[in-house]
Amino acid sequence: MSSELLDAATKAAAWPFEEARKLVERVKRTGQQSVLFETGYGPSGLPHIGTFGEVARTTMVRHAFRVLTDDKIATRLLAFSDDMDGLRKVPDNVPNGDMLRAHLGKPLTRIPDPFGKFDSFAAHNNAMLRSFLDQFGFDYEFASSTEYYTSGRFDAALLHMLARYDAVQAIMLPSLREERASTYSPFLPVHPDTGVVMQVPLDAMDVTAGTISWTDPDTGKRFETPVTGGHVKLQWKPDWAMRWYALNVDYEMAGKDLIDSVKLSGNIVRALGGVAPEGFNYELFLDEKGQKISKSKGNGLTIDDWLTYASPESLALFMYQKPREAKRLHFDVIPLTVDEYLQFLAGYPRQDVKGRLGNPVWHIHAGEPPAPEMLRQAGDAGPGTAISFAMLLNLAAVANSEDRAVLWAFLRRYAPDVSPESHPRLDALVGYAVAYFRDFVRPAKTYRLPDEVERDALQKLDAMLAELGEGASAEDIQTGLYDVARPIPRYQDFKAKNATPERPGVSNEWFNMLYQVLLGEDRGPRFGSFAALYGVKETRALIAAALSGDLKASHEAFLAGRKG
């Protein structure tokens, strides 16, 4: 790594660097030569976007740490599945609920797969977790709680916790309601007959033998159970702490709803003689109703939902931005996020090292973002035009087409040398745009008829385009747009930068009218770029259809047919 990059990284304000610097200080204190990052997963439901977010964000911190340490400290990322947890309720979004109900209380690894594909419910959900982590190319190691417990990997830590039982109880009991505190134990024996993870008080403990004694409340039968070998499961807060202690976890982030749990687990680690990991609490995702997204309820967007309409990189950007602020995660955010990603990517080559380290695409692509795919008209010596998601949506809208070949025809006419082979990411973007237009944009469009002032303005716009002719550049069309609107009182803006009484600025109302009347939208792309891409002749035909009322009438006919 260059000295310039290392120097900029030590001062970078981006949140992954802020987090990584905490780890750098930890390494300086301890002298350790490796750092373990961990993400936890409760496999009682299917993996969801929140799971992806935690792994993606942790990966960003890990990469920032590697840069700060010049990659001289070994790092690992452990994706830990708490699959030995007892199933407490049947998730709403899985089949065969009645079958699952018959196995409530058992570890997820001992419950049949309701989907009928794997040996257990945990095996199914763990496979789903690994599949999507692999899909995104994350560098991680998968860990199963059941395997770690039953293999003896946690035995030493479990025996140590048994020896420090009173210290753990002193931390946990004040956090519990009186009724629960009276019967609480961090150790949950797995019933040798039923396989259920038992929530029972302990009758006795034998630290020397490493066992606990308890009574089955249904039969009155007394059992003595070793705490090793997978015969017990810890309550989840002591379990979290034990895992941190046993594995020497250095970094783990968690949702804001777990702030108190992080504190309690950290206190338990210290009571065991260990050091709590670094990390931070991120805000939760909300659905369109403002409710917390839950993997058991299945509300909000799924990973598949997002990837139907947008790229993995755009999803990573959504995770990167403002992780400590609650954000609504629903379909409307997709186009905006995609275009923000494209804007960050297009700006990256023009930035210096400091600017690049603050650019989200540096973190999304581990310091190596791809070059932006630009379109250039014949004879264009400039950087070219970046095609936005909004632009493609509007091309699909005015062409009234759900065929990606139609959009590619517009793109090729603008830049004859372009193809899906030369611009594969643009080709993917075309596919996303067609899908999003089909499912969300087309049904929601609302065209309106122009009033008299707007009719006159549109006729002048048509005349301007006729004068420019076919092949006019985006910049010439954009300049003409301003020149058409500038003399019209309704669209004058005297507060605009560099505006004078003789040459007023142009207000957003002008462009809003174009979007509403011509595109059926409240917002849209840079209109000069759109018209150049769509074609001058086609844009003039669009204006004519708006003036005649055909645009509004044809869309209303489409909506009526859809309802029918």
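First, a word on scope: everything that follows refers to the structure included in this document. Because the structure is a prediction, the values reported are computed rather than measured.

Let's talk about the overall build of the chain
In terms of regular secondary structure, the chain is built from 25 helices and 16 strands. In terms of overall dimensions, the chain has C-alpha extents of about 95 × 65 × 45 Å along its principal axes. Taking as baseline every contact in the chain between residues at least 6 positions apart, the subset at least 24 positions apart corresponds to 67%. Total accessible area computed for the chain in this model is approximately 25600 Å², and 49% of it derives from carbon and sulfur atoms.

Looking at the packing of helix α14 (residues 333-347) against helix α17 (residues 389-399)
At their nearest, the axes of α14 and α17 sit 8 Å apart, and the two run at 130° to each other. The angle between α14 and α17 falls in the class oblique. Mapping the contact onto sequence places P335, V338, D339 and L342 in α14 and F389, A390 and L393 in α17. In terms of residue class, the contact of α14 with α17 is made up of six nonpolar, no polar and one charged.

Considering the sheet that holds strand β1 (residues 34-41)
Spatially, three strands are ordered β1-β2-β3 in an open sheet, and the strand pairing comes out parallel. The two strands at the open ends of the sheet, each matched to only one other strand, are β1 and β3 (141-144). Going across the sheet, the axis of each strand differs from the next one's by a mean of 30°, ignoring polarity. Sheet topology places β1 next to strand β2 (residues 74-81); eight bridges connect them, and they run parallel. Residue pairing across strands places F37 opposite L77, the latter belonging to β2. The strands that helix α10 (residues 236-247) touches are β1 and β2; relative to β1, the one it contacts most, it runs at about 155°.

What to know about the environment of F118
For F118, the position within the fold is in the loop between α4 (97-101) and α5 (121-135). Excluding residues within four positions of it along the chain, F118 makes contact with D113, A123, H124, A127 and M128.

Looking at the packing of helix α18 (residues 404-414) against helix α23 (residues 527-534)
Their axes nearest at 8 Å, the elements α18 and α23 cross at an angle of 95°. In terms of their interaxial angle, α18 and α23 are classed as roughly perpendicular. Residues F410, L411, R413 and Y414 of α18 lie in contact with α23, whose contacting residues are A532, L533 and Y534. Residue composition of the contact of α18 with α23, grouped by class: six nonpolar, no polar and one charged.

Cut-offs used in this document
Residues numbered from 1 in each chain as written. Predicted model: local features only at pLDDT ≥ 70, side-chain atom pairs only at ≥ 80, totals over all residues. Heavy atoms only, no water. Helix = DSSP H or I, 4+ residues; strand = E, 2+ residues; numbered from the N terminus. Contact = heavy atoms within 4.5 Å. Areas by Shrake-Rupley, 256 points an atom, 1.4 Å probe, with all protein chains shown as cover. Axes fitted to C-alpha atoms, helices over the stretch in contact; angles between N-to-C directions. Parallel < 35°, antiparallel > 145°, perpendicular 65-115°, else oblique. Nonpolar A, V, L, I, M, F, W, Y, C, P; charged D, E, K, R; others polar. Pairing = 2+ DSSP bridges.

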